[in-house]
Amino acid sequence: MKLAVFSVAAIFSVVTPTIAQDVANGEKEFRKCKACHMIQDADGTDIVKGGGVGPNLWNVVGRNVASLEGFSYGDGIASVAAANPDMVWDEAHLTEYVTDPQAWIDANGGDGKTKMTFKMRKAQEDLVAYLVSVSPDAPAGDSADAADADAPAASN
Ligand code: HEC
């Protein structure tokens, strides 16, 4: 039974690599985050109005961990950043972090508690694809959706 499910998933990912992440669904999933997080661009324009308990997540992909000026981070995430000064948020770290922030801190050399009391149980990849879409400075990586969004319109 387990094996059958696994092989279907494997085939699916081979056949449809570019729609594996669903930005539109990720945008819906962000409703779970906005009680604590806003997405507000550098001009102060709200992309998603949200709370200020957590840091603004605009341009988070490619940003150094725990580096938003003026936000008071907890000891756990701050110690991960201190132990890994060059660490930036990429898709892999974000996926693990939103799944279980405390486990991510513990696995990345951190020491101390997370202030983010939220765990995401499904659709993490879609959510992260959405975060890429609101991160204009994200390095061109393995996200096909982000690359598509940035691609210039076809010329005549
Ligand atoms: C209950 C409030 C709450 C919810 C809900 C929440 N967060 Fe957070 N988040 C926080 C807090 C507080 C922090 C700061 C963590 C710390 O200092 O330990 C944080 C930190 C983060 C960071 C680190 C950002 C940085 O500047 O390094 C990311 C990324 C993040 N959250 C993403 C999300 C996403 C995506 C969701 C929804 C799936 C979400 N959070 C839901 C409160 C929340």
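Remember, predicted model here, so these are calculated numbers, not experimental data. (Residues numbered from 1 in each chain as written. Predicted model: local features only at pLDDT ≥ 70, side-chain atom pairs only at ≥ 80, totals over all residues.)

With that out of the way, let us pick up the site of the ligand. Around the ligand there are 28 residues in total, and Cys33, Cys36, Gly54, Gly74 and Met116 lie nearest to it. Listed by contribution, the elements that provide at least two residues to the shell around the ligand are helix H3 (75-83) and helix H4 (91-99). With three residues, H4 is the single largest residue contributor to the shell around the ligand. Residues that form the shell around the ligand fall into these classes: 20 nonpolar, six polar and two charged. (Near = placed C-beta within 6 Å. Helix = DSSP H or I, 4+ residues; strand = E, 2+ residues; numbered from the N terminus. Nonpolar A, V, L, I, M, F, W, Y, C, P; charged D, E, K, R; others polar.)

The subject of this paragraph is the environment of serine 79. Mapped onto the elements, serine 79 comes out in helix H3. With 18 C-beta atoms counted inside 10 Å, the residue serine 79 sits in the partly exposed group. Sequence separation of serine 79 and glycine 112 is 33 residues, and the distance between their C-alpha atoms is 7.6 Å. Aside from chain neighbours lying at most four places away, what touches serine 79 is Gly110, Asp111 and Gly112. (Buried ≥ 20, exposed ≤ 12 C-beta atoms within 10 Å, placed from the backbone. Contact = placed C-beta atoms within 7 Å.)

The values reported here are purely geometric and, on their own, carry no functional implication.
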